[in-house]
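Listed below, chain by chain, are the residues.
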Amino acid sequence: MKEELSSALAAEDAAIWAYGLIGVHLTEGSEQDQARAAEDTHRARRDDLVEQLAALQASTAPTPPGYELPFPVQDRATALKLAIQIEDGVAQAWRVVLPVTESAQRADALSALTDSAVRATKWRKLAQVTPLTLIFPGRPAA
């Protein structure tokens with residue numbers, strides 16, 4: 001379980017970092033508010049994961065000072081593309097947590113997966129990407 005939670009922590013850290021960049025390129029107002037809310041949610045989940053891993057006496061890897069982007073983010077379109085990719089990645093990280101958890105911890109993992117899948121759908125809608133949803137959110141692409 002430590003490994004799966006550590007992977008979820010790494011995904012949450014990456015999301016926090018990415019949203020700092022994403023928000024700069026989005027339209028002011030609602031889009032930036034959504035990016036800020038997403039970043040806040042990822043921060044809360046990250047903080048919860050740090051506590052869980054500490055309770056398990058698992059060490060957490062230090063957050064790198066920056067992440068290598070999968071592509072340059074230069075405008076609204078590429079910012080939305082990154083937001084979609086980040087949320088899909090977070091959903092994938094939480095999906096592997098589900099089978100190794102129980103009760104409230106499993107419910108939290110499912111909530112995290114669902115939240116990321118819903119956010120990815122909202123970003124797809126803004127980016128006019130179809131399909132809007134994935135058949136199995138959190139499942140890696142084949």
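Residues numbered from 1 in each chain as written. Predicted model: local features only at pLDDT ≥ 70, side-chain atom pairs only at ≥ 80, totals over all residues. Heavy atoms only, no water.

A. Structural detail: the overall build of the protein. The helix and strand inventory of the protein stands at four helices and zero strands. Secondary structure elements in the protein, listed N-terminal to C-terminal, are α-α-α-α. Rg of the C-alpha trace for the protein: 15 Å, near the compact-globule value of 14 Å for 142 residues, within the 12% margin. On the principal axes, the C-alpha backbone points of the protein span a range of 40 × 35 × 25 Å. Out of the 142 residues belonging to the protein, those deemed buried represent 37%. The contacts of the protein with a sequence gap of at least 6 include a subset with a gap of at least 24, amounting to 76%. By element, 56% of the accessible surface of the protein is carried by carbon and sulfur atoms, the whole surface being about 8000 Å². Separation between the mean location of the 14 positive side-chain charges and that of the 19 negative ones in the protein comes to 6 Å. (Helix = DSSP H or I, 4+ residues; strand = E, 2+ residues; numbered from the N terminus. Rg over C-alpha atoms; globule rule 2.2 N^0.38 Å. Buried < 20%, exposed > 50% of the residue type's maximum accessible area, 1.4 Å probe, protein only. Contact = heavy atoms within 4.5 Å. Areas by Shrake-Rupley, 256 points an atom, 1.4 Å probe, with all protein chains shown as cover. Lys, Arg positive; Asp, Glu negative; His and termini not counted. Charge placed at Lys NZ, Arg CZ, Asp CG, Glu CD.)

B. Fine view of the side chain of Glu39. Relative to the helices and strands, Glu39 is located in helix α2 (residues 30-55). Looking at Glu39, the relative accessible area reads 17%, which means it is buried. Apart from residues no more than four positions distant in its own chain, Glu39 is found in contact with Ile16, Tyr19 and Gly20.

C. Quick look at helix α1 (residues 2-25). Given a rise of 1.5 Å per residue, 24 residues ought to cover 34 Å, and the 35 Å separating the end C-alpha atoms of α1 matches this to within 8%. At Tyr19, α1 shows its maximal kink, close to 25°. (Expected span 1.5 Å × (residues − 1). Bend = angle between axes of the 7 residues up to and from the residue.)

D. Geometry of helix α3 (residues 76-95). Between its first and last C-alpha atoms α3 spans 28 Å; for 20 residues at 1.5 Å apiece the expected length is 28 Å, and the two agree. At the N-terminal boundary of α3, the capping side chain belongs to Asp75, with an oxygen 3.4 Å from the backbone nitrogen of Ala77. (Polar contact = N/O pair within 3.5 Å; in protein donor to acceptor, adjacent residues only side chain to side chain.)

E. Molecular detail of the pattern of salt bridges. Inspection of the entire model under this criterion finds eight salt bridges. A salt bridge links Asp47 to Arg46; the shortest N-O distance between them is 2.8 Å. On the basis of relative accessible area, Asp47 is assigned to the partly exposed category, the value being 38%. Here Arg119 makes a salt bridge to Glu87, at a shortest N to O gap of 2.9 Å. One end of the pair, Arg119, is in helix α4 (residues 103-127); the other, Glu87, is in helix α3, with 32 residues separating them in the sequence. Through salt bridges with shared partners, one network takes in Asp13, Arg46 and Asp47. (Salt bridge = Lys/Arg side-chain N within 4 Å of Asp/Glu carboxyl O.)

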